[in-house]
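# Coordinate inspection notes
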Number of protein chains: 2
Amino acid sequence: MINQLVSKIKKLNAPIVVGLDPMLNYVPEHIKKAAFEQFGETLEGAGEAIWQYNKQIIDCVYDLIPAVKPQIAMYEQFGIPGMVAYQRTVDYCREKGLVVIGDIKRGDIGSTSEAYAVGHLGKVTVGSNRISAFNEDFATVNPYLGSDGINPFIKVCKEENKGLFILVKTSNPSSGEFQDQLVNGRPLYELVGEKVAQWGEEHMGDEYSYIGCVVGATYPKMGEVLRKIMPKTYILVPGYGAQGGKAEDLKPYFNEDGLGAIINSSRGIIAAYKQEKYANFGEANFADASRQAVVDMIEDINRIF
Amino acid sequence: MINQLVSKIKKLNAPIVVGLDPMLNYVPEHIKKAAFEQFGETLEGAGEAIWQYNKQIIDCVYDLIPAVKPQIAMYEQFGIPGMVAYQRTVDYCREKGLVVIGDIKRGDIGSTSEAYAVGHLGKVTVGSNRISAFNEDFATVNPYLGSDGINPFIKVCKEENKGLFILVKTSNPSSGEFQDQLVNGRPLYELVGEKVAQWGEEHMGDEYSYIGCVVGATYPKMGEVLRKIMPKTYILVPGYGAQGGKAEDLKPYFNEDGLGAIINSSRGIIAAYKQEKYANFGEANFADASRQAVVDMIEDINRIF
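These lines cover the structure that appears in this document, whether it is placed above or below. Computed from a predicted structure; not experimentally measured.

Counting secondary structure elements, chain A contains 12 helices and 12 strands. Its C-alpha radius of gyration of 19 Å places chain A within 12% of the 19 Å reference for a compact globule of 305 residues. Along the first, second and third principal axes, the C-alpha atoms of chain A reach 60 × 55 × 35 Å. For chain A, long-range pairs separated by at least 24 residues make up 73% of all intrachain contacts whose partners lie at least 6 apart in sequence. Within chain A, one finds 31 positive and 38 negative side-chain charges whose respective centroids are separated by 3 Å.

Given below as structure tokens:
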């Protein structure tokens, strides 16, 4: 799956991923109105609204981008109907040929991590059947529990030709509270990065490993160090745009080959119509605004090469 | 909610929690057969089987225990039908008066952590309605992302009278890979423990804070240190029984008042009928075996006082 991701990035000349993190206040009124008329102001209504919103955006951007990253929390908050909207979004994106990175940040131990791995990336056994449940292509994983939490995911990725992005240094202001603590003079995130590089070397695609990592765009100096520690690791980079990361900060995340990083933008794309820059599209044409924001983002990122 | 948990523990003289982590191979054949006859060997069939299994165990143990801890991964692996079984389990346990600790180990940043908090412990806004989705009483949370990941959960707990258990030192063999790394001569888990104590002091119930933590039974020496660092923090202790933790190891996790810790057992209770000790119950009476295992566990734990 990492080979497929890299080849799509090359073909489209677009090292980007669109974060499908729908908040109800991003969803245009006409979509909410239709959903609430059908299902009421209920969890079902919310699930329908975010699914219809996602679908229109996907239809307008899928040919420009290699991948999407739905953030499961934004669906899970609406309970079962939200999870149904997540499932529909994942399925629809895969039908459209997009690589789907499930931003699930799961992590537990042994058989529990295995259950997450199986449910999101693999197949679960029921009687004599083996069945895919959520079936994303990649998943983000939290490393706090160590190898016991990661190995079950790696095993499933190997069997199913899937991949991971393991949290190394997150984009948020307080990420340093634990991640930056010095261990023998070096920050913890570097140790985690070394571990990711080790896991990755044993699980290679053609050019890059299918064990990737997450490093926030908001910490480019750390990104530079981590790039060197993990030369064969694809870095998923959140924090561009709305969180303050700028294109010129992103260079250190890439290798000399112009590969090795994929930059995420969520509300900068899916809620583009709310920005002054794209206001002329109007709420009715929100998905066209998203398409324009994708075009602009690709151009912005490609300036750095 | 922490007051309710403490008062139930005192009343029942049972500082224990039953982990509802159903694996299909724990579920007796007659339950699987009925579920598969109705729904086939499908995700729906699996969801029905684990729900019926849970229900019978709950009916047989609810009057003896203060709380249950469903591990969401074991449901999530069966996709949407699995999540429906999780929801039914949570709702049923709450109806039975049990405190429900959702073992979800979520953790993200800002608005994303807020979405998890709202979906699991609070109410999500849909139009003019505020609606509970999963509605557990407590949730376990991963601290790797720092305060940004924890504060949205704390905010919801305060509004909704709910609580957290934040991972400090997990029970698994590789938990030390990152958690034990020395920072200025002290292991990282102590720093996390101090942070939990700080968060906790600002968010107190009557005797204990509603910001609790998780420390594995498999590391009693670390438990002793952490008990002192976090005197007002309830410690959720996994790893007793099947994972190797013994009752005599558990004393350091408790305060002088005999409170401050709640010991989890999962397969030791729910799959008791598979142990030689309880084999005489037979598969048909699996839930009675679970009840006996609860009685034995309470006795075993109370030996240490």
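Now for the environment of Cys93(A). Relative to the elements of secondary structure, Cys93(A) occurs in helix H5 (residues 79-95). Residues contacting Cys93(A), with those up to four places away along its chain left out, are Leu20(A), Ile58(A), Val68(A), Leu98(A) and Val100(A).

With that out of the way, let us pick up unusual backbone geometry. Look at Asn161(A): it is not a glycine, yet its phi comes out positive at around 60°. Topologically, Asn161(A) is positioned in the loop between helix H7 (147-160) and strand S7 (163-169). The residue Asn13(B) is not glycine, and still its phi comes out positive at about 50°. Note that Asn13(B) resides in the loop between helix H1 (2-12) and strand S1 (16-20). Asn13(B) sits in the partly exposed class, given a relative accessible area of 48%.

All names here are of chain A. In terms of residue burial, strand S3 (residues 99-106) counts as a mostly covered element, since eight of its eight residues are buried. Residues Val99, Ile101, Asp103 and Lys105 point to one face of S3 and Val100, Gly102, Ile104 and Arg106 to the other, with burial holding for every one of them. The pairing of strand S2 (residues 67-70) with S3 spans two bridges and is classified as parallel. Across the sheet, the residue bridging to Ala67 is Val99, located in S3. Where S3 lies against strand S6 (residues 138-141), three bridges are found, and the strand directions are parallel. For Ile101, the partnering residue across the bridge sits in S6 and is Phe138.

We now examine the interface of chain A and chain B. Contact residues are listed per partner, giving 72 residues for chain A and 72 residues for chain B. Carbon and sulfur atoms make up 63% of the area that chain A and chain B hide from each other, which totals about 5,600 Å². Joining chain A to chain B, the criterion identifies five salt bridges. Our enumeration of links across chain A and chain B arrives at 31 residue pairs in polar contact (both at pLDDT 80 or more). Among the elements that make up the side of chain A that touches chain B, the one with the highest residue count is helix H6 (residues 110-120) of chain A (seven residues). Here the residues of the side of chain A that touches chain B sort into 36 nonpolar, 27 polar and nine charged.

Our next topic: the nonpolar core. If you look at the biggest cluster of nonpolar residues, it comprises 242 residues, and the most contacted ones within it are Leu164(A), Leu250(A), Leu164(B) and Leu250(B). With sequence-adjacent residues up to four places away left out, Leu250(B) is seen in contact with Ala217(B), Val237(B), Tyr240(B), Ile263(B), Ile301(B) and Ile304(B).

Turning to the layout of surface pockets, a few remarks are in order. Taken as a whole, the largest pocket holds about 590 Å³ of empty space. Looking at the lining of the largest pocket residue by residue, the class counts come to 12 nonpolar, 15 polar and seven charged.

Here H5(A) spans 24 Å end to end across 17 residues, near enough to the 24 Å set by a 1.5 Å rise per residue. Most of H5(A) is tucked away: 12 of the 17 residues are buried. By the burial criterion, the buried members of H5(A) are Gly79(A), Ile80(A), Pro81(A), Gly82(A), Met83(A), Ala85(A), Tyr86(A), Gln87(A), Thr89(A), Val90(A), Tyr92(A) and Cys93(A). Residues of H5(A) that are buried make contact with strand S1 (16-20), helix H3 (43-61), S2, helix H4 (73-76) and S3 of chain A together with helix H5 (79-95) of chain B. Phi for Gly97(A), located one or two positions after H5(A), is positive at around 85°.

You can overlay chain A on chain B at an RMSD of 0.0 Å; the transform is a turn of 180° with a shift of 0.0 Å along its axis. Such a combination of rotation and displacement between the chain copies is what one expects of a two-fold axis. Among all residues of chain A, the one whose C-alpha sits closest to the rotation axis is Val183(A), at a distance of 2.6 Å. Interface overlap between copies is the fraction of interface residues in one copy that are interface residues in the other; for chain A against chain B it reaches 100%, indicating a shared surface.

On to helix H2 (residues 29-39) of chain B. All names here are of chain B. Of the positions making up H2, those classed as buried are Ile31, Lys32, Ala35 and Phe36. Considered in projection along H2, the buried side chains sweep an arc of 125° and stay on one side of the axis. Exposed and facing more than 90 degrees away from the buried side of H2 are Lys33, Glu37 and Gln38. Just beyond H2, the residue with positive phi is Gly40, at close to 80°.

Cut-offs and rules
Residues numbered from 1 in each chain as written. Chains lettered and ligands numbered in written order. Predicted model: local features only at pLDDT ≥ 70, side-chain atom pairs only at ≥ 80, totals over all residues. Heavy atoms only, no water. Helix = DSSP H or I, 4+ residues; strand = E, 2+ residues; numbered from the N terminus. Rg over C-alpha atoms; globule rule 2.2 N^0.38 Å. Contact = heavy atoms within 4.5 Å. Lys, Arg positive; Asp, Glu negative; His and termini not counted. Charge placed at Lys NZ, Arg CZ, Asp CG, Glu CD. Buried < 20%, exposed > 50% of the residue type's maximum accessible area, 1.4 Å probe, protein only. Pairing = 2+ DSSP bridges. Buried area = accessible area lost by both parts, 1.4 Å probe. Salt bridge = Lys/Arg side-chain N within 4 Å of Asp/Glu carboxyl O. Polar contact = N/O pair within 3.5 Å; in protein donor to acceptor, adjacent residues only side chain to side chain. Nonpolar A, V, L, I, M, F, W, Y, C, P; charged D, E, K, R; others polar. Core = buried A, V, L, I, M, F, W, Y, C linked by side-chain atoms within 4.5 Å. 1 Å grid on protein atoms, 1.4 Å probe; cavity = no way out; pocket = protein on both sides within 12 Å on 5 of 7 lines; lining within 4 Å. Points joined across faces, edges and corners; volume = space filled by probe spheres on them. Expected span 1.5 Å × (residues − 1). Least-squares fit on C-alpha atoms with pLDDT ≥ 70 in both. Arc of directions from axis to C-beta.

Worth remembering: the numbers are spatial, not functional.
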